[in-house]
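Now for the letters of each chain:
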Amino acid sequence: MRNRGIRGMAARLAGGAVAAALLLLPAGQAMAQALTAEQLIVGLQGPGTLTVAVDPRALAAEVQANVGKGAAALPTWSKLNSLTQLVVDINFQYDSVAIVPGSYRTIGLIADALHHPLLQRYKFLIVGHTDARGDPGYNLNLSLKRAEAIREALATTFAVAPDRLFAVGVGEELPFDPGNPDAAVNRRVQLVNIGPVD
Amino acid sequence: MLRRKFVAVALAAAVLTMGTAQAATISFGDAMSVMARDCGADVEKYCKNLNLGNNRIADCLVQNQDKVSPVCINTLVAVTASLKQRLAAQASVVKVCRGDAARRCTGVVQKDAHILDCLIKAQRHVTNKCNAAITDAGWR
């Protein structure tokens, strides 16, 4: 294991049960397993050529103009589905942008992954999601501020180049479990590889 | 005040020591686990609505060091040094391993982890310095 390098490890993980569980299980179950930097590195590897050009400002404008209308009103957002991405669980103090100490490790693991040579030349979208409790406009704003807090921590404390990180919020508009819009599983952070740094 | 000065001095000493001693580094994930374990309760108590970014948690803990547990202050010093050391190790790999890459990895495409992978596979033929740099960067 030690001498085979990250590519060898990536190949084994991708074919193994760990990566499959991370990608296929409902987020809540996948998150219950201990996250590792290797899973993040493997799961967020660049596609080589990007199929969709992502403009974070266009995403922000679209959701801002369609608050409370749900996924059907967000065609630009639906294009993100085809990109390499992972969902992580980062918890915040109630109604606050402060990350709880219990989630510090996850932020550190994301930093480990973003500094790895396999991911070093890629840009990432950090998307904040809330559940459906409360006002949709308020939730949108909170999800944006929380995504910005994660970006700030990565870009300052962990010295990830700020031009590689884009924070956007989508509030309650794209629930993980549309059948249970108030469920905790909908509160999540989505990391999306949006292609090489220009 | 005196204690704050102590923290600053201890921090500087830790950074210097780690910089020269080439001690093995730890990952950001592990560093943050230690931070949460040793400072979590103090953060909840004194810095509840502050964030990790821009040094806000570290500044808040230092400002409240008369109340914060000594274990947390020690951990904060060590973790701050450890983050710096890991970043420095990662930044040094390209330079330290340049000669090894030229010798062992000619023709390898210079993007993503191709060179790194080549150096890791050629570990037995790579200089100790380069091997140590890769290990300290956490990329093995």
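Residues numbered from 1 in each chain as written. Chains lettered and ligands numbered in written order. Predicted model: local features only at pLDDT ≥ 70, side-chain atom pairs only at ≥ 80, totals over all residues.

A look at the overall build of chain B
Within chain B, the secondary structure is distributed over seven helices and zero strands. Put simply, chain B runs from its N terminus to its C terminus through helices and strands in the order α-α-α-α-α-α-α. (Helix = DSSP H or I, 4+ residues; strand = E, 2+ residues; numbered from the N terminus.)

Side note on the UniProt feature "domain: OmpA-like" (unreviewed entry) in chain A
Under the local residue numbering, the UniProt record ascribes the feature "domain: OmpA-like" (unreviewed entry) to residues 79-197 of chain A. In the segment residues 79-197 of chain A, helix accounts for 27% and strand for 22%; the C-alpha atoms at its two ends are 20 Å apart. (UniProt positions renumbered as here; feature names shortened; annotations may be inferred.)

Structural notes on the packing of helix α7 (residues 104-115) of chain A against helix α2 (residues 28-46) of chain B
Where α7 of chain A contacts α2 of chain B, the two axes come as close as 7 Å, and the packing angle between them is 165°. The angle between α7 of chain A and α2 of chain B falls in the class roughly antiparallel. Seen along the crossing, α7 of chain A lies across α2 of chain B with a hand that is right-handed. Here Tyr104, Arg105, Ile107, Gly108, Leu109, Ala111 and Asp112 of chain A of α7 of chain A lie close against α2 of chain B, whose contacting residues are Phe28, Gly29, Ala31, Met32, Ser33, Met35 and Ala36 of chain B. The residue makeup of the contact of α7 of chain A with α2 of chain B, split by class, is nine nonpolar, three polar and two charged. (Axes fitted to C-alpha atoms, helices over the stretch in contact; angles between N-to-C directions. Parallel < 35°, antiparallel > 145°, perpendicular 65-115°, else oblique. Left-handed = near helix turned anticlockwise from the far one by under 90°. Contact = placed C-beta atoms within 7 Å. Nonpolar A, V, L, I, M, F, W, Y, C, P; charged D, E, K, R; others polar.)

Here we look at the interface of chain A and chain B
With 32 residues of chain A at the contact, the number on the chain B side is 32 residues. Those elements that place two or more of their residues in the side of chain A that touches chain B are α1 (5-15), α7 and α8 (136-155) of chain A. In terms of residues, the side of chain A that touches chain B owes the most to one element, α7 of chain A, which gives eight residues. Its residues placed into classes, the side of chain A that touches chain B shows 16 nonpolar, 10 polar and six charged.

Details of the sheet that holds strand β1 (residues 85-88) of chain A
All names here are of chain A. Judged by pairing direction, the sheet is mixed, and its four strands sit side by side in the order β1-β4-β2-β3 without closing on themselves. Where the open sheet ends on each side, the last strands, each with one partner, are β1 and β3 (165-169). Along the sheet, successive strands turn relative to each other by an average axial angle of 20°, direction set aside. By the bridge criterion, seven bridges tie strand β2 (residues 122-129) to strand β4 (residues 188-196) in an arrangement that is antiparallel. (Pairing = 2+ DSSP bridges.)

Topic: the domain arrangement of chain B
All names here are of chain B. Split into domains, chain B comes out as domain 1 (1-90) and domain 2 (97-140). Across the boundary between the two partners, domain 1 contributes seven residues, which contact six residues of domain 2. Split by residue class, the side of domain 1 that touches domain 2 holds two nonpolar, four polar and one charged. (Domains from an automatic or database assignment.)

Looking at the environment of Tyr104 of chain A
Within the secondary structure layout, Tyr104 of chain A lies in helix α7. When the C-alpha positions of Tyr104 of chain A and Ala153 of chain A are compared, they lie 9.9 Å apart, and in sequence the two are 49 residues distant. Residues contacting Tyr104 of chain A, with those up to four places away along its chain left out, are Ile99 of chain A together with Met32, Met35, Ala36 and Leu52 of chain B.

Remarks on the pairing of β2 of chain A
Residue and element names in this part refer to chain A. Of all the eight residues making up β2, eight are buried; the element is thus mostly covered by neighbouring parts of the structure. In β2, alternate side chains face the same way, and those of Tyr122, Phe124, Ile126 and Gly128 on one face and Lys123, Leu125, Val127 and His129 on the other are all buried. Inspection of the sheet shows β2 paired to β3 by five bridges, in the parallel sense. Pairing of Phe124 across the sheet is with Leu165, part of β3. What joins β2 to β3 is α8, and the crossover it makes is right-handed. (Buried ≥ 20, exposed ≤ 12 C-beta atoms within 10 Å, placed from the backbone. Right-handed = clockwise from strand over helix to strand, strands pointing away.)

Quick notes on unusual backbone geometry
Despite not being glycine, Asp95 of chain A has its phi angle at roughly 55°, a positive value. Along the chain, Asp95 of chain A falls in the loop between β1 and α7.

Topic: the nonpolar core
Ranked by internal contacts, the top residues of the largest apolar core, which has 89 residues, are Ile107, Ile126, Ile150 and Leu154 of chain A together with Leu119 of chain B. Looking at this core element by element, the count peaks at nine residues for helix α4 (residues 70-96) of chain B. Of the residues that make up this core, three or more belong to each of domain 1 (1-90) and domain 2 (97-140) of chain B. Sequence-distant contacts of Ile150 of chain A, that is, excluding residues within four places in its chain, are made with Ile90, Ile107, Ile126, Ala167 and Val189 of chain A. (Core = buried A, V, L, I, M, F, W, Y, C linked by C-beta atoms within 7 Å.)

So, helix α3 (residues 56-63) of chain B
Residues and elements named next belong to chain B. Of the residues making up α3, those classed as buried are Ile57, Ala58 and Leu61. Looking down the long axis of α3, one finds its buried residues gathered within 100° of arc, a one-sided arrangement. Where α3 is buried, its residues meet α2 and α4. (Arc of directions from axis to C-beta.)

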